[in-house]
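Overview (structure and organization)
Residue strings, one per chain:
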Amino acid sequence: GAVVSQHPSWVICKSGTSVKIECRSLDFQATTMFWYRQFPKQSLMLMATSNEGSKATYEQGVEKDKFLINHASLTLSTLTVTSAHPEDSSFYICSARLPSGEKTQYFGPGTRLLVL
Amino acid sequence: AQRVTQPEKLLSVFKGAPVELKCNYSYSGSPELFWYVQYSRQRLQLLLRHISRESIKGFTADLNKGETSFHLKKPFAQEEDSAMYYCALRGAGANNLFFGTGTRLTVIP
């Protein structure tokens, strides 16, 4: 159980375009999802916490107008990179937390974004 | 401020040898500590958490509050243990995880 999917798994786009990444919890409802960013050979850095039905909580230094997060349902959160630039190229990973009990985070497979 | 330090980026051991992946943390309260593992071309997955005090795949980790450490140990490494290992911390009452930079373990046959 507790599977999290991401779509797409990779995307290449031109500079200035917007890219939407979806994160879905397949077999459980997730009131809280998390978006991380990972640069090559570096650790996962939390970007924001996505709460179903409310605004996301962004970490310091993350531009909320740049990285739009929508958590419209208990199984789906989306991250939209607006007006993407080459420096936004990275590996974006989402996780979803079980709503009760151990509150373990389950991670998606990640989305590799390359902005040309 | 919270911090998780994994001093070794790379660690190689021979099959059957003991392995220890180091993790030190900095946090003012009582955190929860976790080890996550990422096998080649797979997603990040939870290996173990300190409050469970369990052994998973032969790995154990003990939280040492005096030394602020949570080292991951296994007495006899196997080839299938080769992976990227991340130590992570969750603050008291917090939702999110704070990750270390990871250690890539290679078990040499």
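Residues numbered from 1 in each chain as written. Chains lettered and ligands numbered in written order. Predicted model: local features only at pLDDT ≥ 70, side-chain atom pairs only at ≥ 80, totals over all residues. Heavy atoms only, no water.

All names here are of chain B. The strand order across the open sheet built from three strands is β3-β8-β7, with neighbouring strands paired in antiparallel fashion. Edge positions in the open sheet fall to β3 (19-21) and β7 (60-61), since each of these has one partner strand only. In the sheet, β3 pairs with strand β8 (residues 72-74) via three bridges, with the strands oriented antiparallel. In the sheet register, E20 faces β8, and the bridge partner there is K73. (Pairing = 2+ DSSP bridges. Helix = DSSP H or I, 4+ residues; strand = E, 2+ residues; numbered from the N terminus.)

Okay, the interface of chain B and chain A next. Taken together, the 14 residues of chain B in the interface contact 17 residues of chain A. Interface area, chain B with chain A, both sides summed: about 1,400 Å², of which 49% is carbon and sulfur. For chain B, the biggest contributors to the area lost against chain A are R43, N95 and F99 of chain B; these three give 36% of the whole. Linking chain B with chain A are zero salt bridges. Inspection of the region where chain B meets chain A yields five residue pairs in polar contact (both at pLDDT 80 or more). Mapped onto the side of chain B that touches chain A, the elements with two or more residues apiece are β6 (45-49) and β9 (83-90) of chain B. A class-by-class count of the residues in the side of chain B that touches chain A yields six nonpolar, five polar and three charged. (Contact = heavy atoms within 4.5 Å. Buried area = accessible area lost by both parts, 1.4 Å probe. Salt bridge = Lys/Arg side-chain N within 4 Å of Asp/Glu carboxyl O. Polar contact = N/O pair within 3.5 Å; in protein donor to acceptor, adjacent residues only side chain to side chain. Nonpolar A, V, L, I, M, F, W, Y, C, P; charged D, E, K, R; others polar.)

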